[in-house]
Amino acid sequence: MNTTSAGPGFGVYVHWPFCQSKCPYCDFNSHVREAIDEPRWRAGLVAEIGHMAGLAPGRTVTSIFFGGGTPSLMNPATVGAALDAIAAAWPVADGVEVTLEANPGSVEAGRFAGYRAAGVGRVSLGVQALDDAALKALGRRHDRAEALAAIALARRHFPRMSFDLIYARPGQSPAAWEAELARVLAFGTDHLSLYQLTIEPGTAFHTLHRRGELVLPVEDDQAAMYEATQVMTQAAGLPAYEVSNHARPGQESRHNIVYWRSGEWVGVGPGAHGRLNEPGGTSIARRQERAPETWLAGVETQGHGTAQTETVSGEDRVIEVLMMGLRLTSGLSEADVQRATGQPLDAIVPPARLAPLVAGGLLVRDATGLRATAAGLQVLNGVLARLL
Amino acid sequence: MTPLDHIRNIAIVAHIDHGKSTLADRLIELCGGLDAREMRGQVLDAMDIERERGITIKAQAVRLNFVAANGETYLINLIDTPGHVDFTYEVSRSLRACEGAILVVDSTQGVEAQTVANAYMAVEADLDILPVVNKIDLPAADMKMARDAIEESIGIDAEDAIGVSAKTGQNVPLVLQAIVDKLPPPTSAGEDAPLKALLVDSWYDPYLGVVILMRVVDGRIRKGQKIRIMGTGAVRDIDRVGILTPKAVLVDELGPGEIGFFTAAIKDIAECRVGDTITDERNRTAEALLGFKPSVPVVFCGLYPTDANDYNDLRDSLGKLRLNDASFHFEPESSVALGLGFRCGFLGLLHLEIIQERLEREFDLDLLATAPSVVYKINKRDGTSFELHNPADMPDPTHIESIEEPWIRATILVPDEYLGAVLQLCTDKRGEQVELTYVGARAMAVYRLPLAEVVFDFYDRLKSVTRGYASFDYHLEGYTAGDLVKLDILINGEVVDGLSQVVEKSRAELRGRAVCEKLKDVIPRQLFKIPIQAAIGGRIVARETISAMRKDVLAKCYGGDITRKKKLLEKQKKGKKRMRQFGNVEIPQEAFLAALKL
Ligand SMILES: Nc1nc2c(ncn2[C@@H]2O[C@H](COP(=O)(O)OP(=O)(O)OP(=O)(O)O)[C@@H](O)[C@H]2O)c(=O)[nH]1
Ligand SMILES: C[S@@+](CC[C@H](N)C(=O)[O-])C[C@H]1O[C@@H](n2cnc3c(N)ncnc32)[C@H](O)[C@@H]1O
Ligand code: SF4
Ligand SMILES: [Mg+2]
């Protein structure tokens with residue numbers, strides 16, 4: 001689906017920056033607040049959607065994503081108001097994909113019916129792990145029982161669902177992960193995001209890691225877990241379509257594919273990023289204010305909370321198109337490269353530079369485009385470093 | 001102009017860390033050379049690298065005014081010198097500008113190898129020596145031991161050597177008075193004689209350009225004067241004349257016996273060789289001063305810019321650095337693996353390390369250094385012979401009749417309890433014992449050793465087996481034929497010419513294995529597996545394999561991550577400049593340095 005010459009679509013990303021507590025591994029733009037004035041926030045999101053519509057006329061919305069933070073803390077009415085504002089701002093495609101990220105706490109699960117009624121068709125549940133000790137170590141508020149209940153409930157309410165797991169956790173062995181994954185696959189979901197734990201700068205885990213108090217599995221174990229993940233998901237009918245994302249064919253997250261195919265989207269809410277492309281390989285990157293209060297003040301006084309607008313072109317644009325596109329197992333198509341960079345594939349990656357990587361079995365170059373092999377995907381950073 | 005009998009030119013010499021620079025601090029303070037705000041510990045160690053390592057690298061001159069017991073003011077030119085053996089050339093040059101030397105001896109350590117070596121140098125240069133015993137504030141201080149050791153090993157009267165604490169300042173005023181009373185003033189043909197000055201040192205100052213430090217012997221030097229540098233024949237007009245207090249202060253003129261600096265719009269650094277004589281172009285002196293003995297480099301390595309575009313920058317920087325360090329030599333060379341660079345000669349491994357670091361810091365260059373090597377003499381079958389500075393240039397073994405390598409005579413002073421370990425180390429390093437005696441409670445071992453063995457990890461091992469209690473000094477003795485072979489290192493099947501080395505045949509395999517293991521440790525895993533081999537004349541003697549990287553990919557990368565992750569990639573791309581490409585493989589510079597440290 002993402003290798004066709006049809007464009008990747010146009011997405012709307014809505015960021016809800018609040019969480020009940022901060023997880024120690026998380027570097028997302030999330031903030032803990034005693035209380036918020038939700039009607040003001042609702043109005044803010046609606047206003048900024050209107051502002052973005054003025055910047056991106058003539059598009060048809062193919063996907064909407066409520067991310068966070070914890071969007072499942074939003075009142076369904078707020079979700080509904082945002083969806084209405086989007087529908088008022090742009091034409092919306094038939095069968096538009098509307099995803100909401102939800103934490104699997106019992107309170108959140110209680111709002112599932114409301115989200116569905118507001119128009120959400122897909123949830124992405126932050127399950128993270130299937131045993132209580134691991135959930136505790138990850139600083140999560142939910143336990144295994146709540147996670148299982150949330151999965152069951154989500155299934156009942158939403159036509160599509162996915163959930164997230166974090167693996168290669170401190171102390172986790174390849175065998176333990178395989179057992180956990182086997183249980184996960186037994187649920188028979190259509191989509192899974194399986195992330196290896198990443199130590200992000202500025203997080204509590206980062207400090208512990210630097211001090212040697214948190215130790216990740218060694219590279220060979222990480223590799224073994226990753227490889228087992230590929231084999232097991234494939235066998236269960238959910239092959240990888242991206243480094244960490246797996247789906248039954250046709251059940252891929254259309255919204256996230258917009259990012260990987262260097263398509264267009266607008267970002268609404270604190271810390272949201274957006275991209276609008278111009279012909280000839282130029283892209284305009286927008287970033288909204290990260291601090292919730294600063295963003296809200298911006299929206300209320302000037303109609304938007306944009307902190308930075310940057311033009312990305314030339315070499316810079318080439319780097320990001322390659323960096324994002326090669327994450328997909330289908331790789332980069334000739335057409336996507338041409339559309340996003342204004343140049344043919346051979347011009348952005350000289351065949352001579354490609355040769356050793358192709359000969360080494362890390363990349364494949366054929367008539368449809370350029371893609372990483374399974375081995376190449378696993379060392380994509382190294383492959384990119386050699387390509388650039 | 002100060003009358004000659006009111007001038008003293010003094011060098012402070014000692015073994016490393018015996019407190020020369022700290023004593024200089026106290027002397028400067030007592031004479032009011034710097035105010036409290038300007039003062040800091042070891043103020044004459046002006047370079048960052050000196051302050052970080054706590055050692056003096058460059059000799060540094062400072063002019064002091066001292067009011068002596070007779071109420072008269074004396075002008076004291078003090079030169080603080082380095083103690084480490086690699087910087088002896090700084091000491092020998094400094095001594096030539098002085099009539100007296102303060103020999104500092106640490107009262108807790110006594111006489112060490114460099115105490116003896118520096119004292120002899122001062123005697124040879126005809127200097128009077130004032131012994132000073134330092135660190136008497138320490139509980140372990142032993143005045144008698146120190147005095148006895150001075151008398152015994154150097155043969156000068158140390159009966160009333162002053163005991164001081166350079167740290168607390170105790171008794172330091174006595175040293176100033178003793179300089180005036182016991183050390184001689186300069187002699188001269190007078191201020192009206194034709195100018196004759198010794199070019200002692202030079203450096204490049206971003207504001208002043210080339211600055212020359214000199215010692216006036218006869219005549220006067222002043223702004224506007226047309227001077228001639230006799231050896232090179234360069235003629236220049238003096239722009240500025242000044243003294244160092246240690247701040248640069250301009251003065252109208254300098255006369256006989258004085259030490260100071262001048263600038264003269266000198267562009268070409270080749271014009272000012274240390275040891276040269278400066279005279280008045282219109283009123284030339286008949287005879288030049290005796291120059292300095294040129295320094296003989298004993299360790300060589302190749303220095304290459306990591307970015308080939310920096311080649312010209314590197315050449316200019318080497319020139320500027322050479323201006324400031326006459327003991328450092330360089331000539332262009334090229335390497336298949338590394339491109340265009342320079343073969344550089346040094347007085348030792350610390351010298352090599354310091355020069356490399358100064359180039360990177362002061363001139364903002366990224367460098368690759370090849371493994372260090374000594375100079376071999378190759379005698380070929382056809383009867384010709386040549387000096388081999390770079391192991392990569394070794395001819396095919398079938399053309400070689402014999403290879404000679406430099407040997408040194410080393411003197412090691414060590415407390416008895418560590419003697420066994422030292423003897424073992426010397427044996428490991430192919431040493432031959434010449435003499436074993438005692439100086440007080442300490443053993444003195446004299447050994448002949450191949451310099452190549454010392455160049456590798458001798459210092460570090462000596463330090464560790466003696467917990468730092470040994471002192472070491474050496475001089476070059478001559479060349480001896482040995483059973484030597486060239487060891488090549490192959491990465492990905494290609495010989496890395498920068499890693500080739502000449503080794504003794506019986507140790508070649510061991511060395512080859514060690515280098516391969518080390519490289520395996522320091523070369524990060526890459527996309528493909530990398531074979532590393534050591535070979536002697538085409539025969540593989542050791543082999544290691546670095547397995548391919550297995551996992552290196554960002555788990556998460558969505559719309560909001562693009563900018564940040566892209567920056568990471570760009571940073572990685574910049575890092576590549578420090579890498580060298582060998583077929584499919586990139587070797588980080590650290591790998592060369594690590595092989596060097598073996
Ligand atoms: N306790 C004590 N420590 C001293 C005294 N004099 C110097 N030191 C210490 O000895 C160490 C070496 O002193 P420096 O003055 O740098 O020695 P140096 O002889 O100039 O050393 P190089 O220039 O590297 O040869 C420093 O840590 C000083 O603080 C002293 O009188 N008493
Ligand atoms: C926006 S985040 C969190 C959404 C939701 N608030 C939650 O916590 O369930 C989306 C997903 O990224 C993954 N993630 C976040 N930080 C991570 C890290 N440091 N390493 C690996 N995965 C991480 C988690 O699986 C998480 O569910
Ligand atoms: S992981 Fe999710 S719940 Fe935890 S702080 Fe981050 S966004 Fe909030
Ligand atoms: Mg010093």
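Conventions adopted
- Residues numbered from 1 in each chain as written.
- Chains lettered and ligands numbered in written order.
- Predicted model: local features only at pLDDT ≥ 70, side-chain atom pairs only at ≥ 80, totals over all residues.
- Helix = DSSP H or I, 4+ residues; strand = E, 2+ residues; numbered from the N terminus.
- Contact = placed C-beta atoms within 7 Å.
- Buried ≥ 20, exposed ≤ 12 C-beta atoms within 10 Å, placed from the backbone.
- Near = placed C-beta within 6 Å.
- Nonpolar A, V, L, I, M, F, W, Y, C, P; charged D, E, K, R; others polar.
- Pairing = 2+ DSSP bridges.
- Axes fitted to C-alpha atoms, helices over the stretch in contact; angles between N-to-C directions.
- Parallel < 35°, antiparallel > 145°, perpendicular 65-115°, else oblique.
- Left-handed = near helix turned anticlockwise from the far one by under 90°.
- Core = buried A, V, L, I, M, F, W, Y, C linked by C-beta atoms within 7 Å.
- Domains from an automatic or database assignment.
- Arc of directions from axis to C-beta.
- pLDDT = per-residue confidence, 0-100.

**Considerations on the overall build of chain B**
Stage number 1. Assigned secondary structure in chain B consists of 14 helices and 33 strands.
Stage number 2. Put simply, 70% of the contacts in chain B that link residues at least 6 apart link residues at least 24 apart.

**Things to note about the overall build of chain A**
Stage number 1. The helix and strand tally for chain A stands at 17 helices and 15 strands.
Stage number 2. Residue burial in chain A is summarised as follows: out of 388 residues, 51% are buried.
Stage number 3. Taking the contacts inside chain A whose residues are at least 6 apart along the sequence as the reference set, 70% of them involve residues at least 24 apart.

**Considering the site of ligand 1**
All names here are of chain B.
Stage number 1. The environment of ligand 1 is formed by 22 residues, the closest being Gly19, Ser21, Ile55, Thr56 and Gly83.
Stage number 2. Ranked by residue count, the leading element in the shell around ligand 1 is helix α1 (residues 20-30), at 3 residues.
Stage number 3. Its residues assigned to classes, the shell around ligand 1 shows 6 nonpolar, 11 polar and 5 charged.

**A short note on the sheet that holds strand β13 (residues 332-333) of chain A**
All names here are of chain A.
Stage number 1. Sheet architecture is open: 3 strands sit in the order β13-β15-β14, paired in antiparallel fashion. Whereas interior strands pair on both sides, the edge strands pair on one side only; in this sheet they are β13 and β14 (363-366).
Stage number 2. Where β13 meets strand β15 (residues 369-372), 2 bridges bridge the pair, whose relative direction is antiparallel. For serine 333, the partnering residue across the bridge sits in β15 and is glycine 369.

**Concerning the packing of helix α3 (residues 88-95) of chain B against helix α4 (residues 113-124) of chain B**
Residues and elements named next belong to chain B.
Stage number 1. Running from N to C, α3 and α4 cross one another at 30 degrees; their axes reach a closest spacing of 10 Å. Considered as vectors, α3 and α4 are oriented roughly parallel to each other. Of the two possible hands of crossing, α3 and α4 adopt the one that is right-handed. Contact residues: Val91, Ser92 and Leu95 in α3; Asn118, Met121 and Ala122 in α4.
Stage number 2. Class assignment of the residues belonging to the contact of α3 with α4 gives a composition of 4 nonpolar, 2 polar and no charged.

**Focus: the environment of A:Arg339**
Stage number 1. Of note, A:Arg339 is situated in helix α13 (residues 334-341).
Stage number 2. In this structure the C-alpha to C-alpha distance between A:Arg339 and A:Ser262, which are 77 residues apart in sequence, comes to 9.0 Å.

**Description of the environment of B:Glu362**
Stage number 1. For B:Glu362, the position within the fold is in helix α8 (residues 349-362).
Stage number 2. The sequence separation of B:Glu362 and B:Met47 amounts to 315 residues, and the corresponding C-alpha distance is 9.8 Å.

**Details of the nonpolar core**
Stage number 1. In terms of nonpolar packing, the biggest core is built from 276 residues, with A:Ala82, A:Ile86, A:Val383, B:Ala101, B:Leu103 and B:Met214 touching the most fellow members.
Stage number 2. Two domains each put at least three residues into this core: domain 1 (10-258) and domain 2 (314-388) of chain A.
Stage number 3. In this view, A:Ile86 contacts A:Val12, A:Ile49, A:Val61, A:Ile64 and A:Val92; residues no more than four positions away in its chain are not counted.

**Observations concerning α3(B)**
Residue and element names in this part refer to chain B.
Stage number 1. For α3, a buried count of 8 out of 8 residues is recorded, marking the element as mostly surrounded by other parts of the structure.
Stage number 2. When we look at burial in α3, the residues that qualify are Thr88, Tyr89, Glu90, Val91, Ser92, Arg93, Ser94 and Leu95.
Stage number 3. As for α3, its buried residues are in contact with β1 (7-14), β3 (73-80), β4 (100-106), α4 and β7 (196-205).

**Side note on α13(A)**
Residues and elements named next belong to chain A.
Stage number 1. Within the sequence span of α13, burial applies to Asp336, Val337, Ala340 and Thr341. For α13, the arc enclosing every buried residue in end-on projection is 100 degrees, short of the 170-degree limit, so these residues lie on one face.
Stage number 2. Those residues of α13 hidden inside the fold are in contact with β10 (273-278), α12 (314-325), β13 and α14 (345-348).
Stage number 3. Of the residues flanking the end of α13, it is glycine 342, one or two places downstream, whose phi is positive at about 75 degrees.

**Section: the environment of B:Phe87**
All names here are of chain B.
Stage number 1. Mapped onto the secondary structure, phenylalanine 87 falls in the loop between β3 and α3.
Stage number 2. For phenylalanine 87, a count of 23 C-beta atoms within 10 Å corresponds to the buried category.
Stage number 3. Distance in space between the C-alpha atoms of phenylalanine 87 and alanine 59 is 9.0 Å, their sequence separation being 28 residues.
Stage number 4. Setting aside chain neighbours within four positions, we find phenylalanine 87 in contact with Ile57, Pro82 and His351.

**Here's the deal with the sheet that holds β1(B)**
All names here are of chain B.
Stage number 1. Reading across the sheet, the 6 strands line up as β2-β3-β1-β4-β5-β6 and stay open at both edges, with mixed pairing between neighbours. Only two strands of the sheet have a single neighbouring strand rather than two, namely β2 (60-67) and β6 (162-163).
Stage number 2. For β4 and strand β5 (residues 128-134), the ladder comprises 7 bridges, and the chain directions are parallel. Along β5, the bridge assignment pairs isoleucine 102 with leucine 130.
Stage number 3. Sheet strands in contact with helix α6 (residues 172-182) are β1, β2, β3, β4, β5 and β6, and its direction is about 165 degrees off that of β5.

**Observations concerning the packing of helix α7 (residues 174-185) of chain A against helix α9 (residues 219-235) of chain A**
Residue and element names in this part refer to chain A.
Stage number 1. Two numbers describe how α7 lies on α9: the axes approach to 10 Å, and their chain directions differ by 25 degrees. Judged on the interaxial angle alone, α9 and α7 are roughly parallel. Two packed elements cross with a definite hand, and for α7 against α9 that hand is right-handed. For the pair α7 and α9, contact is made by Pro174, Trp177, Glu178, Leu181, Ala182 and Leu185 and by Asp221, Ala224, Met225, Ala228, Thr229 and Met232, respectively.
Stage number 2. Class assignment of the residues belonging to the contact of α7 with α9 gives a composition of 9 nonpolar, 1 polar and 2 charged.

**Looking at the interface of chain B and chain A**
Stage number 1. Each side of the interface is counted separately: chain B has 23 residues, and chain A has 36 residues.
Stage number 2. For the side of chain B that touches chain A, the class distribution of residues is 10 nonpolar, 6 polar and 7 charged.

**Things to note about the confidence of the model for chain B**
Stage number 1. Looking at chain B, the pLDDT average stands at 90 and 97% of residues meet or exceed 70.
Stage number 2. Scoring of the predicted complex yields 0.65 for pTM and 0.92 for ipTM.

**A closer look at unusual backbone geometry**
Glycine aside, the phi torsion of most residues is negative, and most peptide linkages are trans.
Stage number 1. Residue A:Gly68 is joined to A:Gly69 through a cis peptide bond whose omega torsion reads 15 degrees.
Stage number 2. If you trace the backbone, A:Gly69 turns up in the loop between β2 (61-68) and α2 (76-89).
Stage number 3. Despite not being glycine, A:Ser262 shows a phi value in the positive range, around 55 degrees.
Stage number 4. Relative to the elements of secondary structure, A:Ser262 occurs in the loop between α10 (254-260) and β9 (264-268).
Stage number 5. Backbone geometry at B:Ala265 places phi at a positive 50 degrees, although glycine is not the residue there.

**Quick notes on the confidence of the model for chain A**
Stage number 1. Averaged over chain A, the pLDDT score is 95; the fraction of residues at 70 or greater is 99%.
Stage number 2. Of the regions scoring below 50 in pLDDT, residues 1-5 of chain A engages in 10 contacts with residues more than four places distant in sequence or in other chains.

**Considerations on the pairing of strand β11 (residues 282-288) of chain A**
All names here are of chain A.
Stage number 1. The pairing of β10 with β11 spans 6 bridges and is classified as antiparallel. From the neighbouring strand, glycine 274 faces β11, where its bridge partner is arginine 286.
Stage number 2. In this antiparallel pair of consecutive strands, β10 and β11, the connection spans 3 residues, and glycine 280 shows a positive phi of 90 degrees.
Stage number 3. The pairing of β11 with strand β12 (residues 306-312) spans 6 bridges and is classified as antiparallel. Bridge pairing links isoleucine 284 to threonine 311 in β12.

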